[in-house]
Amino acid sequence: MTAKLTTHEPGNDRTFEVTEAGITIGRHADNQASLDDSRLSRFHAKIKFKDGAWYAEDLGSTNGSFLNDKKFDGEVKISRGDKLRFGATAAELEWEETASAAAPAPAPAPQKVDVPEKAKEAAESPDVKTAATIVAPLSSLVKDLPEDLKPAVGGAIRKPVIGGGLRPGLKLPPKPAGLKPGLKLPPKPAGLKPGLKLPPKPPALKLPPKPGAGA
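### Focus: the nonpolar core
Formed by 23 residues in total, the largest nonpolar core has its most connected members in Ile47, Trp54 and Leu93. Listed by contribution, the elements that provide at least two residues to this core are strand S1 (3-9), strand S2 (12-18), strand S3 (23-26), strand S5 (45-50), strand S6 (53-58), strand S9 (75-78), strand S10 (84-86) and strand S11 (89-95). For Leu93, the residues in contact, after removing those within four places along its chain, are Ala3, Lys4, Leu5, Val18, Ile47, Trp54 and Ile78.

Structure (C-alpha cells):
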C-alpha cells in the first residue's frame, strides 16, 4: 500500500510518495522528505505503515510534532482527514484502499455432508422397498373409504423406517364394508309370530255302522 504526503512550507507545497517502508521528515538531506524549515530538527519525524494502518512518529524533535493541533510523543495513528504539523510545516497524508482490502470476504463454501454407509445400505434394503410398495397402495385405498372409516384405517398404516422395514404393529386394514359400523341386518321374517301355536287337529269322525251289519 502506498500513500501521498503533501507538505505546505512557506510559499512551497510539495508531494512525496510514501511506501510501507515509510519516509523520514527533517532538514537533513538524508531524509526522503527533506524540507527547508528552520523549526525542523535534522531528523524530525517519520511516516510508516504498521498493522494495516498509517502512523506518524516523532523522532525526539526540538519543536515537536502535532496531530490536529495536539502535540504527540512517540507514534500516533493517522486517520483520513487528519492534519499534521512538523515544526512550522503543515502536512496531510492521503491513501487509497487496495482492491484486496476493499473486496468483501468470499462466502464460505458449503460443507458436504457425508451419509454413513450403513444408512445408504439400509435405504436400499429389500425390507424398505417392500414396505414402500405396501404402504403406497394402502394410502390410496384410504382416500376411497367413507369418511367415518378413514380415521380407523389410516391409523393402522405406518411409514417404513430405514433399516427396520415396517414398524411393529402394522396391520392391513379390513376391506371396506358397505354398511356403517353398528348397523345390523334385520332377522329373516318368520311365518308366525313368536308364541303363536296351531290349533289341534279335530278328532277323527266315526261313521255309524251300516244297517244290517250286525245281523
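### Examining unusual backbone geometry
With a phi close to 55°, Asp51 is a non-glycine residue in the positive phi region. Tracing the backbone through its elements, the reader meets Asp51 in the loop between S5 and S6. Residue Asp51 is classed as exposed on the basis of its relative accessible area, which comes to 72%. In the Ramachandran plot, Asp69 falls in the positive-phi region, its phi being about 65° despite a non-glycine side chain. With respect to the helices and strands, the residue Asp69 is situated in the loop between strand S7 (65-67) and strand S8 (70-72). Relative accessible area serves as the criterion here: at 66%, Asp69 is assigned to the exposed category.

### Notes on the pairing of S6
Of all six residues in S6, five are buried, a share of seventy percent or more. Two elements, S5 and S6, share six bridges in a ladder whose sense is antiparallel. Each bridged residue has a counterpart across the sheet, and for Lys50 the counterpart in S6 is Ala53. With antiparallel pairing between neighbouring strands as the criterion, S5 and S6 make up a hairpin whose turn holds two residues, including Asp51 at a positive phi of roughly 55°. Two strands pair when backbone bridges link them, and S6 and S9 are joined in this way by four bridges, in the antiparallel orientation.

### What about the environment of Leu5?
Locating Leu5 in the fold gives a position in strand S1. Using a relative accessible area of 0% as the deciding quantity, one classes Leu5 as buried. A C-alpha to C-alpha distance of 6.7 Å links Leu5 and Val18, two positions 13 residues apart in sequence. Sequence-distant contacts of Leu5, that is, excluding residues within four places in its chain, are made with Arg14, Thr15, Phe16, Val18, Ile23, Ile25, Ile47, Ala91, Glu92 and Leu93.

### A look at the side chain of Thr89
As for its position among the elements, Thr89 is in strand S11. Assessed through its relative accessible area of 0%, Thr89 is described here as buried. Beyond its immediate chain neighbours, meaning those up to four positions away, Thr89 contacts Thr7, His8, Glu9, Leu35, Asp37, Leu40 and Leu84.

### Re the sheet that holds S9
Across the sheet, five strands lie side by side as S4-S3-S5-S6-S9; this open sheet has mixed pairing. Either end of the sheet is taken by a strand with one partner, and the two such strands are strand S4 (33-34) and S9. As defined by bridge partners, S3 adjoins S5 across three bridges and the pair is classed as antiparallel. Of the residues in S5, the one forming a bridge with Thr24 is Lys46.

### Some details on the packing of aromatic side chains
Per the stated rule, a full pass over the model turns up one aromatic pair. An angle of 65° between the planes, with centres 4.9 Å apart, marks the rings of Phe49 and Trp54 as edge-to-face. Trp54 gets classed as buried once you look at its relative accessible area, which sits at 1%. Here Arg85 stacks its cationic end above the ring of Phe66, 4.0 Å away from the centre of that ring.

### Section: the environment of Gly74
Within the fold, Gly74 resides in the loop between S8 and S9. Taking the C-alpha atoms as reference points, Gly74 and Ala56, 18 residues apart in sequence, are found 8.3 Å from one another. Other than its neighbours up to four places away in sequence, Gly74 contacts Ala56, Glu57 and Asp58.

### Considering the environment of Phe43
Turning to its location among the elements, Phe43 is positioned in the loop between S4 and S5. Placed 16 residues apart in sequence, Phe43 and Leu59 show a C-alpha to C-alpha distance of 6.8 Å. Setting aside residues no more than four positions away along its own chain, Phe43 makes contact with Ile25, His28, Asp30, Asn31 and Leu59.

About the criteria used
Residues numbered from 1 in each chain as written. Predicted model: local features only at pLDDT ≥ 70, side-chain atom pairs only at ≥ 80, totals over all residues. Heavy atoms only, no water. Core = buried A, V, L, I, M, F, W, Y, C linked by side-chain atoms within 4.5 Å. Buried < 20%, exposed > 50% of the residue type's maximum accessible area, 1.4 Å probe, protein only. Helix = DSSP H or I, 4+ residues; strand = E, 2+ residues; numbered from the N terminus. Contact = heavy atoms within 4.5 Å. Pairing = 2+ DSSP bridges. Phe/Tyr/Trp six-rings, centres within 6.5 Å; stacked < 30°, edge-to-face > 60°. Lys NZ or Arg CZ within 6 Å of the ring centre and 35° of its normal.

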